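Descriptive structure summary
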Amino acid sequence: MLIVHIAVTMLLGAGIFFTLVGSIGLLRFPDFYTRLHATGKCDTLGGGLIILGALIYHFFAYPETPLVPAKLAFLIFFIFIANPTATHALMKAAFKTGLKPWRLGEERR
Amino acid sequence: MITIFWVTLLLIAVTIGLSLYRAVAGPGVFNRMAAVNIIGTKTIAFLVVMGYYFERPYFFDIALLYAMVNFIGTLIFAKYLERGELC
């Protein structure tokens, strides 16, 4: 049981690290496209790692309910498809409405 | 193990607060919409960990439902901003 706890702690810590890096990128980058570049990937991987840690903990701690890890696996699958699609749709909408990308030397916006 | 879940909840709440600054102060509607999408994704992970902290297994169904609602909401909002109409 100790090895499972260590593995779950490492997965949750890695997920929190990626989520925190994505949030700092959302705060600090100068432009809409670079902000989506930071958060679209970091947040997908971070949320997936956190839910994967919860799945492994449930699989070994409560083996009498095998339906919940199946639900969590479907949730990881759905996030890994849906989140990049939503990011792509937002970025395409912003590009078609004429939002120019940021060049070096311009002011932050 | 309950302490690790509590620390995870606290740190996800901190990242949601950091993203909420961009949702409030970001210039333009696209920055705000991106921040709302990111907050929705973090809320899914928050709900899953919260199910273990309070030992209620119903939170996973709420997380599944929230994932679908967040995805459809962002997609419809992007379509509306791109075309100016919904159909």
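The preceding data block contains the structure.
Residues numbered from 1 in each chain as written. Chains lettered and ligands numbered in written order. Predicted model: local features only at pLDDT ≥ 70, side-chain atom pairs only at ≥ 80, totals over all residues.

1. Concerning helix α2 (residues 29-53) of chain B
Residues and elements named next belong to chain B. Quick reminder of the rule: For helices the rule is a DSSP run of H or I covering at least 4 residues; for strands it is a run of E covering at least 2, with both sets numbered from the N terminus onward. Any helix carries an expected span of 1.5 Å times its number of residues minus one. Counting other C-beta atoms within 10 Å of a residue's own tells you its class, since 20 or more makes it buried, 12 or fewer makes it exposed, and anything in between is partly exposed; those C-beta atoms are placed from the backbone.
Between its first and last C-alpha, α2 extends 35 Å over 25 residues, near the 36 Å set by a 1.5 Å rise per residue. Of all 25 residues making up α2, 18 are buried, and the element is well covered by its neighbours. Looking at the residues trailing α2, positive phi occurs at E55, about 55°.

2. So, the interface of chain A and chain B
It is common to report an interface's size as the accessible area lost on association of the parts. To keep things clear, this is the line we draw: Once C-beta atoms are placed from the backbone, any two residues with those atoms within 7 Å are in contact. Any residue outside Ala, Val, Leu, Ile, Met, Phe, Trp, Tyr, Cys, Pro, Asp, Glu, Lys and Arg is labelled polar, Gly included; the first ten of those are nonpolar and the last four are charged.
Facing the 36 residues of chain A at the interface are 36 residues of chain B. Those elements that provide at least two residues to the side of chain A that touches chain B are α1 (2-28), α2 (32-61) and α3 (67-96) of chain A. At 14 residues, the largest contribution of residues to the side of chain A that touches chain B is made by α3(A). Considered class by class, the residues forming the side of chain A that touches chain B number 23 nonpolar, 8 polar and 5 charged.

3. Some points on the packing of α1(A) against α2(A)
Packed helices, taken two at a time, are described by the angle between their axes plus the distance between the axes. Residues and elements named next belong to chain A. Spelled out, the test is: In this description, a line fitted to the C-alpha atoms serves as the axis of each element, helices being fitted only across the stretch in contact, and the angle between N-to-C directions of two axes falls anywhere from 0 to 180 degrees. In what follows, roughly perpendicular refers to angles from 65 to 115 degrees, roughly parallel to angles under 35, roughly antiparallel to angles over 145, and oblique to any angle outside these ranges. Crossings are classed by handedness, with left-handed meaning an anticlockwise turn of the near helix from the far one by less than a right angle and right-handed meaning a clockwise turn.
One can describe the packing of α1 onto α2 by two numbers: an axis separation of 8 Å at closest approach and a directional angle of 165°. When the axis of α1 is compared with that of α2, the two are roughly antiparallel. When you trace α1 past α2, the crossing you get is left-handed. Among the residues forming the contact of α1 with α2, the class breakdown is 18 nonpolar, 8 polar and 2 charged.

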